[in-house]
Every structure is written in structure tokens, then in C-alpha cells.
Amino acid sequence: MPEEKTLDDTTPDNSLLNDDIVINDDSNNTDLDLQPENNASNMYRLPSGNALSLEDSYIVTGAEKTKLVVLVGPQACGKTTIETTIYQMFHDGKLNGYCFAGSRTLQAFERRSFHTRIDSNQDLPTTPRTPRSVQEIFLHLKLYDKVSKQYVNFLFADLSGEDFEANRADITLMRNSFEFIKYADYIVAVIDGDRISTKKYRNSTLDSIGELLRTLLEAHLYNCKTNFQILVSKYDIVAERINTDENIKNFIDGLNTELLNRLGTHLSSIDRYDVAAMPTTTSNGYTIGHGIKELMASWCLGLPHQRTFEFRVEHASIKSEFNKLSWKITGDKYE
């Protein structure tokens, strides 16, 4: 007859310490769906829910069709708010006909979204600043198109604006710090609508984003198939100011042309989107996620490009055919 245990027993019960579910990222498991740890076990490995490092992101990119979206811009321009708003809009149902089909970074999304919700007791929706030099930067969304019956994965690089500002005018530092950007399907320059619509900060804001983009381009962190977009954030504030000053609208409407002029031969076109991810008020007709559907539509409809390293401007100093071949393969700059 087995020994009966009482509440006074001090001998640990190992069966209570043996969890049926192991919460851990398995870098060797490239299948996004849950799989048994082995054929004789009922245990499943679940994603940790945290943001992914570059190495962790291979689990996604190596398994299914994936689009990498990189939002660039200075601190407090609204990059993280836009990314978390996309995630939160799926709480209300489908977005542009796409259904939410999973995420490996649910906890990361939830942590970033908390201060935008009523439960946080914040007077205004805010998003915590992304820390500098963190390694776990990728947020993952998996969507399903019921019409085409296809899945598509998105990886959003949640980068610190302070890191961008620190490397803004240094081509070598920019290349070394953000080398993965050359794999991006979309590079989206986020322009702070609050600052660009204020006369005092207008020119400095434009100079800052122009210099950042030029450094990215001269660091060869793009190729001929990269899609470039500019996004004016906090557009509810912009619209309110346009009502009293029509010159603001003219200035913002000319952003595409102005940036193309500043970037010279690097780019031939840039698309612009106006977004109010978390409006400070909805009294002027701007609701949460204004402009997000149009932005997502541009990403969903566009096909992810093949990962190549062919740049638009080849340096005349590359004369050796061996160096040319190596340059094309690795993307390195040879002097």
C-alpha cells in the first residue's frame, strides 16, 4: 500500500515540479506551428513571447514567407506606437481582409501597448521609449488571407530613435549598427507630425530625417528592390493646425519632392502616408489607427523581394572583377 502523504511532509513531490508545458524558444524548430517535443511526449515548446533577436528571427524567415518592415526616425516620433497599434487593431477583428494568425512576440506587444489602454490609468495614451542598444528588437505578426488562403509573416524592427540619432551622420557606424536593414522589404521614415507642423522645429525636423536617410543610403543599407516610404505621424495634430494655417499643408505635401531632391540619385520615388495611430482626441474625427489600413495594404499587397545586394550606384573605384563579384555578394564597399 503506497505511503500516504500529509501536509507536514517535507519530501518534495517531483511530479509537481515537472511542468507539462515548457515555455522556451527552440532555435532548432523552424515550424511556426506547435509541435510535440518528441513522439513519446505530450510536452510542447511555446515561444517565450519576448521580442526576437536577429538570430531568433531566422525561425520565422526560414520557415515561411516573411516581410521585414523597418521604421526609422528620431526618438518620440511614434515608431513603436505605430507598430503596437497595428497589433491592437486585430483585437477588433480583421484588418484589410487579413486575420490574425499568431505571433511569437505577444508579451512584447502587450508590454509596449499597456500604457495606451484605460487600465494603465494614463491621462493620455503613451508608449514606453525603446531602450538603446537592445538585441531583442523584432516584433512578429502572422496573418492569414482568407481569399488567397495564404499566410504572410511580418517582422517589425523596433529600434531606438536615440541609436539612429547617435549614428545619423556616420556611414561606417550606421552600417555596422544596422547591417540587417539591407534585408528590409520596406524602409519607412517616420516624421514627427507634431514637430513638422510647428514653425520653430520644421526645418530642423526635415534636416534630421533627410540626413538620417542619406546616411542609410550611403551606407548601402538598401538595394534596388527596397521600398521607401515616408510617414507623417500624429496627423490629428497636423490636421488641427492646418485649419488655422494652410501653409502647413503645402509644406507637408511637398515633403516627397524635397526629400528626393536632398537624396540626389539614390531614390527615384517615395510614397507618403499620414497616420494618427493614437490620437490625443477623437473629437476632430480622427479615430485610433487612422491611416494604418492604407499603410498595411501597401505592405500586404507588395511581394517580399528576393534578398539581393545589388545597389543602384556602383563605385568607380571597384575595378577588379574579383572585387566586383565579392561586392555584389557581400554588399561590402571596396575602396
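Residues numbered from 1 in each chain as written. Predicted model: local features only at pLDDT ≥ 70, side-chain atom pairs only at ≥ 80, totals over all residues. Heavy atoms only, no water.

## A few points about unusual backbone geometry
In this structure, Asn 96 is a non-glycine residue whose phi angle is positive, near 55°. Structurally, Asn 96 is set in the loop between α3 (79–89) and β4 (98–102). The exposure class of Asn 96 is partly exposed, given its relative accessible area of 33%. The phi torsion at Lys 149 lies on the positive side, around 55°, for a residue other than glycine. Among the secondary structure elements, Lys 149 is positioned in the loop between β5 (138–145) and β6 (150–157). On the accessibility criterion, Lys 149 (59% relative accessible area) is exposed. (Helix = DSSP H or I, 4+ residues; strand = E, 2+ residues; numbered from the N terminus. Buried < 20%, exposed > 50% of the residue type's maximum accessible area, 1.4 Å probe, protein only.)

## Comments concerning helix α9 (residues 235–242)
The buried count for α9 comes to six of eight residues, which makes it a mostly enclosed element. Among all positions in α9, only Tyr 235, Asp 236, Ile 237, Val 238, Ala 239 and Ile 242 are buried. Summarising the contacts, the buried residues of α9 are in contact with α7 (193–196), β8 (227–232), α10 (246–253) and β9 (271–274). (Contact = heavy atoms within 4.5 Å.)

## Overview of the confidence of the model for the chain
Per-residue pLDDT for the chain averages 77, and the proportion of residues at 70 or more is 70%. Per-element confidence in the chain is highest for α7, whose mean pLDDT is 96, and lowest for helix α1 (residues 14–17), whose mean pLDDT is 37. In the model, residues 1–31 has pLDDT below 50 throughout and makes 31 contacts with residues more than four positions away in sequence or in other chains. pLDDT under 50 marks residues 117–121. Its contacts with residues more than four places away, or in other chains, come to seven contacts. (pLDDT = per-residue confidence, 0-100.)

## Some words on the packing of aromatic side chains
Counted according to the given criterion, the structure contains 10 aromatic pairs. On the numbers, 5.3 Å between centres and 75° between planes, the contact of Phe 138 with Phe 180 is edge-to-face. Pair noted here: Phe 138 is in strand β5 and Phe 180 is in the loop between α6 (171–177) and β7 (186–191), with a separation of 42 residues, a long-range link. With a relative accessible area of 2%, Phe 138 lands in the buried category. Seen in terms of ring centroids, Tyr 222 and Phe 228 are 6.3 Å apart; in terms of plane orientation they differ by 75°. Their pairing is edge-to-face. (Phe/Tyr/Trp six-rings, centres within 6.5 Å; stacked < 30°, edge-to-face > 60°.)

## Let's talk about the nonpolar core
Residues Val 70, Val 72, Phe 180 and Ile 181 are the most contacted members of the largest nonpolar core, which totals 45 residues. Broken down by secondary-structure element, the contributors of at least two residues to this core are β3 (66–72), β6, β7, α8 (202–218), β8, α9, α10 and α11 (255–263). Per-element tally for this core: the top contributor is α8, with six residues. Discounting chain neighbours no more than four positions away, the residues touching Phe 180 are Leu 54, Leu 68, Val 70, Ile 137, Phe 138, Ala 157 and Leu 159. Counting 31 residues, the second-largest nonpolar core is a separate cluster that includes Leu 71, Cys 77, Ile 82 and Val 190. (Core = buried A, V, L, I, M, F, W, Y, C linked by side-chain atoms within 4.5 Å.)

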